[in-house]
Amino acid sequence: MLLALKPQAQHAPSQTTANQLKLHLIPTTPMGEERPHQGQGQGQGKSRKRVIPVPHTEDPDPDPITEAYGYCNTPNRSEQSWEGHSPVDYKLLSVQVMIRHGDRYPLYAIPKTKRPAIDCTLSPKRKPSHPQLNSFIGHMAQGGRGRWEGTLSSLPRLPNHSACEMGELTQTGVVQHLRNGQLLRLAYKRHKLLLPNWSTKQVWVETTGRSRTLQSGMALLYGFLPDFDWSRLTVHHQWSTLFCGSACDCPARNPYLEEEQRRQYRLRAADTELERTYADMARTLGLPPRQLRAANPIDSLLCHLCHGLSFPCVSAGTALGSGGCLTLAQFAVIRRQQLEDEVDRRRVGLYRRYAVLATHPYLNRTANRMERVAKAYARGRKPRAGGEEAFTLSSAHDVTVAPLLSALGLEDALFPRFAARVVFELWKSPPATQGQYKGQGQGQNKAAWLKGERSKGGNWGDMFVRVLYNGEDVTFHTTFCRSHDRNAAQPLCPLGNFLSFVKKDMFNVLNATSYHNACYRQTG
């Protein structure tokens, strides 16, 4: 199943199909630097009765080039999204968003070639642009009024090099997240998620210590809350790319990742076409194949592809190289192998085990926030003014978002493209529908159903969750809600399902009953 929208390519070659763009890649760096791989919202009509879109079907034989253009996520199109959709009269209580940073300059250079010529300063006159770009630049100049945790205050709030530095966010990346923020603002405006006088506690923003994640987070926040009050904002520093906070210690986690890396290596080594392709590329550049592999050329080639630049060329005789240009066909071979690796990764299952341990701390904080908000809105209680978190934004990397998708059971979801987003929504049903429990019409009384909900983590019979990936509702593809009857009287996924999954059920794949048990029993 395809769990992401299919964006239109900007520079796609004629043999590609622009409306079939998707990407599968999985990073293998556990907690440090990410490993490179590879407008306005529509569909926001007044009717909110239809909340379960029909999922796309996945192309069984995806084209590597169109996959790569989908990864670029060029902001040149309108995008439909399902954020903010619910049955009539449901109340949206909180939204938690995790994003991957936007388009960036490569982290690696291909030896003996010229680096891609990209300007990383911001200019509203240069494409792609956005109506809010100029005011965003001005607002970031006032960022000293905000509170920045740890070393974040020393990072630039805007990309600012006329010749991009390695890993620097590009203007495309900024525009991608201005669009994301604008899309969420339009989706949630009618729900009054945040009032104009929102408090510091109601908006939580966190980022890793990389300028590209900080800048991406600020762009999305500005698109969502234009001209926000700096004095009410604290930007929190997450030291780990896993966003594991004080729960990062887990001895059993990385052995699964190391075994997964060994699986990847064996699969690559057995691919004779891939070996020949690297040898041909190395011969063109006059490099040993081992040195070319170490330079991770796919990272730089993706940048050329995303920005419509010709692939690198060298002159004949350069350090004994045959000369010539790297080709789209060579790029396609590397991408093809990465897609095949995705299939094998799902079959073996090692990455899923790693992902459960890697993302539980973040999911646990997400669940705890939902629980606090749900308690504040429990029947008979009036929420405090400026109370619990209403909007949470975590600005992260591919090595954060990819394991999150896997841990949720979204194994077939597309690899996080530039500016990918995962959204968790918490909803409260209106009093008139709170009696519409799952057992209705099946001989189960309301008291029995509520007892079952309590056993899942509390009396949350009127609280429900939605999970969205790049605007598409994937709730009923998650492990914790896959078996829920969408045609039941209550069409949303009960909060109790999610809480039970995070507290206990997600560890079933590890034959464990808790995070601590899974982390330490395996090494005992």
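- Per an unreviewed UniProt entry, the chain goes by 2-phosphoxylose phosphatase 1 and derives from Oncorhynchus mykiss.
- Looking at the chain in UniProt, the text filed under Sequence similarities (unreviewed entry) is "Belongs to the histidine acid phosphatase family."
- Taken directly from UniProt, the Catalytic activity (unreviewed entry) text for the chain runs: "3-O-[beta-D-GlcA-(1->3)-beta-D-Gal-(1->3)-beta-D-Gal-(1->4)-beta-D-2-O-P-Xyl]-L-seryl-[protein] + H2O = 3-O-(beta-D-GlcA-(1->3)-beta-D-Gal-(1->3)-beta-D-Gal-(1->4)-beta-D-Xyl)-L-seryl-[protein] + phosphate".

## A word on the overall build of the chain
Stage number 1. Regarding its fold elements, the chain presents 14 helices and 13 strands.
Stage number 2. Counting the 524 residues in the chain, one finds 60% classified as buried.
Stage number 3. Summed over its atoms, the accessible surface of the chain is roughly 20,700 Å², and 50% of this surface lies on carbon and sulfur atoms.

## Details of the state of the cysteines
Stage number 1. Scanning the model with the defined rule gives six disulfides in all.
Stage number 2. A sulfur-sulfur separation of 1.7 Å characterises the disulfide bridge that pairs Cys313 with Cys325. Negative torsions about the S-S bond denote left-handed disulfides, and the value of about 100 degrees found for Cys313 with Cys325 makes this one right-handed. Of the two residues, Cys313 sits in strand 7 (residues 313-314) while Cys325 sits in strand 8 (residues 324-325), which places them twelve residues apart along the sequence.
Stage number 3. With relative accessibility at 39%, the residue Cys325 sits in the partly exposed group.
Stage number 4. Note that Cys481 is cross-linked by a disulfide to Cys493, the S-S spacing being 2.1 Å. An S-S torsion of about 120 degrees defines the bridge between Cys481 and Cys493 as right-handed.

## Quick notes on the packing of helix 6 (residues 272-285) against helix 9 (residues 328-348)
Stage number 1. Where helix 6 contacts helix 9, the axes come no closer than 10 Å and their chain directions differ by 145 degrees. In the crossing of helix 6 with helix 9, the sense of the turn from one axis to the other is left-handed. Packed against helix 6, whose contacting residues are Glu273, Leu274, Thr277, Tyr278, Asp280 and Met281, the element helix 9 presents Gln330, Val333, Ile334, Arg336 and Gln337 at the interface.
Stage number 2. When grouped by side-chain class, the residues that make up the contact of helix 6 with helix 9 number five nonpolar, three polar and three charged.

## Considering the nonpolar core
A general feature of soluble globular proteins is that nonpolar side chains tend to end up buried together.
Stage number 1. Formed by 84 residues in total, the largest nonpolar core has its most connected members in Phe424 and Phe498.
Stage number 2. Sorting elements by how many residues they give to this core places helix 10 (residues 350-376) first, with 13 residues.
Stage number 3. The residues contacting Phe424, other than those within four sequence positions of it, are Ser94, Val95, Gln96, Tyr362, Leu363, Thr366, Met370, Leu404, Leu408, Arg466, Val467 and Phe498.
Stage number 4. Judged by nonpolar contacts, the second largest core, of 46 residues, contains Trp82, Val97, Ile99 and Tyr222.

## Digging into the packing of aromatic side chains
Stage number 1. For the coordinates displayed, the defined rule picks out 13 aromatic pairs.
Stage number 2. Their ring planes at 25 degrees and their centres at 6.4 Å tell us that Tyr71 and Phe415 sit as a pair that is stacked. One end of the pair, Tyr71, is in helix 1 (residues 64-72); the other, Phe415, is in the loop between helix 11 (398-407) and strand 10 (421-428), and 344 residues separate them in sequence. In this structure, Tyr71 and Phe415 share a single accessibility class: buried.

## Some points on the environment of Lys112
Stage number 1. Tracing the backbone through its elements, the reader meets Lys112 in the loop between strand 3 (91-100) and helix 2 (133-140).
Stage number 2. Separated by 202 residues in sequence, Lys112 and Val314 place their C-alpha atoms 7.4 Å apart.

## What to know about helix 1
Stage number 1. Of all the nine residues making up helix 1, nine are buried; the element is thus mostly covered by neighbouring parts of the structure.
Stage number 2. Looking at the buried residues of helix 1, the elements they touch are strand 3, helix 3 (171-188), helix 8 (297-306) and helix 9.
Stage number 3. Residue Asn73 follows helix 1 closely and has a positive phi angle near 60 degrees.

## Here we look at the environment of Gly245
Stage number 1. Examined against the element boundaries, Gly245 turns out to sit in the loop between strand 6 (234-237) and helix 5 (253-269).
Stage number 2. Along the chain, Gly245 and Pro361 lie 116 residues apart, while their C-alpha atoms are 7.3 Å from each other.

## Some points on the environment of Ser300
Stage number 1. Position of Ser300 among the secondary structure elements: in helix 8.
Stage number 2. Residue classification places Ser300 among the buried positions, given a relative accessible area of 4%.
Stage number 3. Taking the C-alpha atoms as reference points, Ser300 and Phe311, eleven residues apart in sequence, are found 9.1 Å from one another.
Stage number 4. Excluding anything up to four places from it in sequence, Ser300 contacts Pro106, Tyr108, Ile110 and Pro116.

What counts and how
Residues numbered from 1 in each chain as written. Predicted model: local features only at pLDDT ≥ 70, side-chain atom pairs only at ≥ 80, totals over all residues. Heavy atoms only, no water. UniProt positions renumbered as here; feature names shortened; annotations may be inferred. Helix = DSSP H or I, 4+ residues; strand = E, 2+ residues; numbered from the N terminus. Buried < 20%, exposed > 50% of the residue type's maximum accessible area, 1.4 Å probe, protein only. Areas by Shrake-Rupley, 256 points an atom, 1.4 Å probe, with all protein chains shown as cover. Disulfide = S-S within 2.5 Å. Axes fitted to C-alpha atoms, helices over the stretch in contact; angles between N-to-C directions. Left-handed = near helix turned anticlockwise from the far one by under 90°. Contact = heavy atoms within 4.5 Å. Nonpolar A, V, L, I, M, F, W, Y, C, P; charged D, E, K, R; others polar. Core = buried A, V, L, I, M, F, W, Y, C linked by side-chain atoms within 4.5 Å. Phe/Tyr/Trp six-rings, centres within 6.5 Å; stacked < 30°, edge-to-face > 60°.

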